Amino acid sequence: MLSCNYQMNDYYFNEFFKIGQQKISLHLYESRIPKDDAVYTLKKVLEELDFSKLLSRYSHRGRKGYNPIMIYALILYANMRGVFSVDKIVENCQRDLAYIWLADGAQPKRDVFYDFINEKLTVEILQNLHYQFIKKLKREKYVTLKTLFLDGTKIEANANRYTFVWRGRINHSAVNLLSQISQLYQDYNHLIQELNYDQRYGLVDKEMFYVEGEDKVREVIEKNEKRKQNNKKKLSNNGILEIDYASPIDMLETASLLREVAGFEKIVFVTGKGKRKTALQKLYERFLKHGEKLLEYKEHYQTLGPDRNSYSKTDVSATFMRMKEDHMMNGQLKPAYNLQYAVENYFIIHAHVSQDRTDYNTLIPIVEMHKEHLDTLLKEFVADSGYISEKNLLHLKDLGIDSFIKLQEHEKKKTKAYYKDISKHYNMNLVEVEEDGQTKKAYICHDGRTLKHKKSEVHKRNGFEQIYEVYACDSCQGCEHKAKCLYKYDPRKDQKKNKTMKVNERWDELKAVSEANVLSEKGIRYRQIRSVMTEGSFGDMKENDGFRRFHRRGIEKVTKESLLYVMARNLNKYVRYEQEILKNYEGKVA
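The structure presented is a predicted model; accordingly, all values stated were derived computationally and were not measured.

(A) Seen up close, the packing of aromatic side chains. The full count for this structure, using the stated rule, is 28 aromatic pairs. Judged by centre distance (5.7 Å) and plane angle (80°), the ring pair of Phe133 and Tyr574 falls under edge-to-face. Of this pair, Phe133 sits in helix H8 (residues 123–139) while Tyr574 sits in helix H20 (residues 555–578); the two residues are 441 residues apart in sequence, bridging distant segments of the chain. Here Phe133 and Tyr574 have matching classes, each one buried.

Here it is, written out as structure tokens:
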């Protein structure tokens, strides 16, 4: 069996690249293709790649179809030319000389391409081919793989714009439903006892089930009702409700039991105008309706997962995000994906498709992809302030990677107001004081009073722990700087209030190291290179190639589409380097 598969792999490879054959072309159309056309470089590069993972998905039995390497090459070449429509690729295979040469005169139809993309190609295969090419670039010294420049953009999903499902809206409806279910259980218990169904048919009392997170959601809803009366902005109601599958299933099973009881009692369920329903039928319909609705909400929460607050009904993997392209000029949200590129020397080293609206959680996956797929240790990481977080900087530090990530307060630190804010710990004097025979840190405020260390607090979120040191002043009585120092100071209510502040010392140390790197001569040059490399990549993608919207639905298909585009873009850059049109950009420092 294995030998048959190897023979099949060799057959497809040898057939496409004419291995073991005299490469004499009798096609006159080849002479009309320009000598510097990218199609020649494409085929030359593909000949150096290992297609065993792709070819392993094809059986050696039965008739041989179109060569999968040829189909892959045609899709890549189409992406290199800015063609993303399968129908357009099929048409070009009949009319365009470069496509005809690449297909050796074959004319595959649209079904062949769709079957190849949807059934044969996988994300793993595309990543394997992509990283093979990246390693080739490293061998030819186009990239070092030691420094990455990261940036992201939002690409609109192939989904209708007004098909949103919001967690906050589902939460509001779900807690109302839970109140109705609680009342339903009381009515059920009363009915079976009143009609003696518990003894006659073995029906048992129902207790309202517990839903984790319900109390917090109700609390936010109550606060929002009060805020609405005072014309204040609503609080976010995106708490997570944990509804188990057993509860709605139990309600539907109870409805079935009530239907059986109706049969034993010879009660006929009626419908239509003017027909009076019995108490048993009303109870049955309420259990059925509420059980189905609760199951629907459970499925909504399962689709959202713990990390998303919205999704589109036509592409459930897409999250609603705020886009720069706002045709209605009202800041509306659109279903989209967060596309991340890690670039070096114009080549896209890593591409990552995220459902996250922000960039914070996309850095670590990029670093892990580098560790998994490439044999070169990453030394430097350059990104803008959208990626700065304690978790990210700590991860880079643990791996020995230098961070060149700009701080969010980078521009603020250029102003005088930043250093005149007396409420901040970084504008106070840090001293050491003796307390209980121990030397401890303390801060001296603008009024000369001492803020002593009181305790340490550990905040845990999404599995990541942050440690805060709490400092407080024993007495701020008589201080004339309270209005500037205390947060939201109200002279009528806060006369006896003392200054308290929390300091995350590890976070401050990590930021200081990253800031020093960013402000260094190398850091300034890297920021210039990042703006040219990464933002230029997205500019090419959207403006020159017209790639502003994904053509496929679902995160797996979208990831495949992005990897095909990235491979094609890298090949275009490779062609330009080979033709000496493109040269390395080193950046400039004044």
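(B) View of the sheet that holds strand S12 (residues 464–473). The five strands are arranged S9-S10-S11-S12-S13 in an open sheet whose pairing can be described as antiparallel. In the strand order of this sheet, the two ends are held by strand S9 (429–435) and strand S13 (500–503), each with one partner. Sheet twist, expressed as the average angle between the axes of neighbouring strands with direction ignored, equals 45°. By the bridge criterion, four bridges tie S12 to S13 in an arrangement that is antiparallel. Bridged to Tyr471 within S13 is Met501. Contacts from helix H18 (residues 505–519) reach strand S10 (438–444), S12 and S13 within the one sheet, and its direction differs from that of S12 by about 105°.

(C) A look at the side chain of Lys136. Tracing the chain through its elements places Lys136 in helix H8. Those residues in contact with Lys136, other than ones at most four positions away along the chain, are Val45, Glu48 and Tyr574.

(D) Fine view of helix H9 (residues 167–194). For H9, spanning 28 residues, the distance from its first C-alpha to its last is 40 Å, which sits close to the expected 40 Å at 1.5 Å a residue. Positive backbone phi, approximately 65°, marks Asn196, located one or two places after H9.

(E) Representation of the nonpolar core in the model. Ranked by size, the top nonpolar core spans 109 residues in total, and within it Phe51, Tyr72, Tyr341 and Phe381 carry the most contacts. Discounting chain neighbours no more than four positions away, the residues touching Tyr341 are Phe149, Leu150, Asp151, Ile348, His350, Ala351, Thr534, Ser537, Phe538, Met541, Tyr565 and Val566. The next biggest cluster of nonpolar side chains, apart from the first, holds 35 residues, and it includes Ala174, Leu184, Leu203 and Val211.

(F) Structural detail: the pattern of salt bridges. Applying the stated rule across the entire model yields 34 salt bridges. Two residues, Lys53 and Glu124, come together in a salt bridge whose shortest N-O distance is 3.3 Å. Here Lys53, found in helix H3 (residues 52–55), pairs with Glu124, found in helix H8; they are 71 residues apart in sequence, far enough to count as distant. As a salt-bridge pair, Asp87 and Arg110 come within 2.8 Å of each other at their nearest N and O atoms. Residue Asp87 is located in helix H5 (residues 86–95), and its partner Arg110 is located in helix H7 (residues 110–120); the two are separated by 23 residues in the primary sequence. Given the relative accessible area of 38%, Arg110 is considered partly exposed. One continuous salt-bridge network, built from bridges that share partners, spans Asp151, Asp384, Arg530 and Glu535.

(G) Spotlight on the layout of surface pockets. The computed volume of the second largest pocket comes to approximately 1,000 Å³. Of all the secondary structure elements, the ones that give two or more residues to the lining of the second largest pocket are helix H16 (416–420), S10, helix H17 (482–485), S13 and H18. Among the elements that take part in the lining of the second largest pocket, H18 stands out by supplying seven residues, more than any other. A class-by-class count of the residues in the lining of the second largest pocket yields 14 nonpolar, five polar and 15 charged.

Thresholds, definitions, all that
Residues numbered from 1 in each chain as written. Predicted model: local features only at pLDDT ≥ 70, side-chain atom pairs only at ≥ 80, totals over all residues. Heavy atoms only, no water. Phe/Tyr/Trp six-rings, centres within 6.5 Å; stacked < 30°, edge-to-face > 60°. Helix = DSSP H or I, 4+ residues; strand = E, 2+ residues; numbered from the N terminus. Buried < 20%, exposed > 50% of the residue type's maximum accessible area, 1.4 Å probe, protein only. Pairing = 2+ DSSP bridges. Axes fitted to C-alpha atoms, helices over the stretch in contact; angles between N-to-C directions. Contact = heavy atoms within 4.5 Å. Expected span 1.5 Å × (residues − 1). Core = buried A, V, L, I, M, F, W, Y, C linked by side-chain atoms within 4.5 Å. Salt bridge = Lys/Arg side-chain N within 4 Å of Asp/Glu carboxyl O. 1 Å grid on protein atoms, 1.4 Å probe; cavity = no way out; pocket = protein on both sides within 12 Å on 5 of 7 lines; lining within 4 Å. Points joined across faces, edges and corners; volume = space filled by probe spheres on them. Nonpolar A, V, L, I, M, F, W, Y, C, P; charged D, E, K, R; others polar.

These figures come from the coordinates and say nothing about function on their own.
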